[in-house]
Amino acid sequence: MRALELHDYRRGVFAETGSHLDRVANLALRFAEQVAPELAADPLVAYGFRLHDIGMIGVSTLTAVKQGPLTHAELDEIREHPWLGERIVATVPPLNGVARHVIGGHHEKWDGSGYPRGLRGEDIPLVARIFALADAFDVMTNDQPYRQALPIDLAVTEIDAKAGSHFDPMLARIFLRMLGELSVGATDATTTETRIAPADETAAGERAARV
Ligand SMILES: [Fe+2]
């Protein structure tokens, strides 16, 4: 993996700094174009990407922006948001398909440890597996109410470490390669391997719970 710089990623994805929804939808669409062009061509997929956290409307603001560790009750509250999001879009027929798959599946994990259903492997809709990578990367590399942005290389390392557990391993490889290709501005071609210490597991778990 080439050394990645934040400005390379932002320039490659959408040229300007924007909201999480702008960034993650554009990154996820770009990724989908590579791995599932038929999905990327469906305009309802983009709606799903932009609405992925619509269920957070049911999470209290205090919990959603809380700094520091969450209590079990607060985690349970946050883990309701995919369910709630599904119920919201189920009432809108055009969204009650692939967009719903994104909303309901973006916190599922390849090894079955995700939520809300604990789906495993390819039982998780492809569009949700695609989106989960873009979402995790964008959340990790931007400031959140509960922590500062991680360096790009640390986010890359974390996704690499979680390929096959949190993330579809084949998709993760392609995603990281795509990020490398976006870093066209990286100048030192000899630094093709940027390995740093793995992220702290507690911090990673906290991030996973909030993403
Ligand atoms: Fe979410």
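Every value quoted in this text rests on a predicted model; they were computed, and no experiment measured them.

## Some words on the packing of helix α10 (residues 152–162) against helix α11 (residues 169–182)
For the pair α10 and α11, interaxial distance at closest approach is 9 Å and the crossing angle is 160°. Relative to α11, the element α10 lies roughly antiparallel. The way α10 lies across α11 gives a crossing that is left-handed. Residues Val 156, Ile 159 and Asp 160 of α10 touch α11, and the partners they reach there are Ala 172, Phe 175, Leu 176 and Leu 179. Grouping the constituent residues of the contact of α10 with α11 by class yields 6 nonpolar, no polar and 1 charged.

## As for unusual backbone geometry
The omega torsion across Tyr 115 and Pro 116 is 10°, close enough to zero to call that bond cis. Among the secondary structure elements, Pro 116 is positioned in the loop between α8 (98–105) and α9 (126–140).

## Notes on α10
Within α10, burial applies to Ile 152, Ala 155, Val 156, Thr 157, Glu 158, Ile 159 and Lys 162. Backbone geometry just after α10 places Gly 164 at a positive phi near 95°.

## Quick notes on the environment of His 20
Mapped onto the elements, His 20 comes out in helix α2 (residues 20–35). His 20 sits in the partly exposed class, given 14 other C-beta atoms within 10 Å. Along the chain, His 20 and Asp 135 lie 115 residues apart, while their C-alpha atoms are 8.7 Å from each other. Leaving out residues up to four positions away in the same chain, His 20 has contacts with Asp 138 and Asn 142.

## Here's the deal with the nonpolar core
Ala 28, Phe 131, Leu 133 and Ile 159 are the most contacted members of the largest nonpolar core, which has 40 residues in total. Elements represented by at least two residues in this core include exactly α2, α4 (43–50), α8, α9, α10 and α11. With 11 residues, α9 is the largest single contributor of residues to this core.

## A look at the confidence of the model for the chain
When pLDDT is low, close inspection of the predicted coordinates is not appropriate. With 78% of its residues at a pLDDT of 70 or more, the chain has an overall mean of 83. Within the chain, no element has a lower average pLDDT than helix α12 (residues 201–210), which sits at 43, and none a higher one than α8, at 98. Contacts from residues 184–209, a stretch scored under 50 in pLDDT, to residues over four places away or in other chains number 33 contacts.

What counts and how
- Residues numbered from 1 in each chain as written.
- Predicted model: local features only at pLDDT ≥ 70, side-chain atom pairs only at ≥ 80, totals over all residues.
- Axes fitted to C-alpha atoms, helices over the stretch in contact; angles between N-to-C directions.
- Helix = DSSP H or I, 4+ residues; strand = E, 2+ residues; numbered from the N terminus.
- Parallel < 35°, antiparallel > 145°, perpendicular 65-115°, else oblique.
- Left-handed = near helix turned anticlockwise from the far one by under 90°.
- Contact = placed C-beta atoms within 7 Å.
- Nonpolar A, V, L, I, M, F, W, Y, C, P; charged D, E, K, R; others polar.
- Buried ≥ 20, exposed ≤ 12 C-beta atoms within 10 Å, placed from the backbone.
- Core = buried A, V, L, I, M, F, W, Y, C linked by C-beta atoms within 7 Å.
- pLDDT = per-residue confidence, 0-100.

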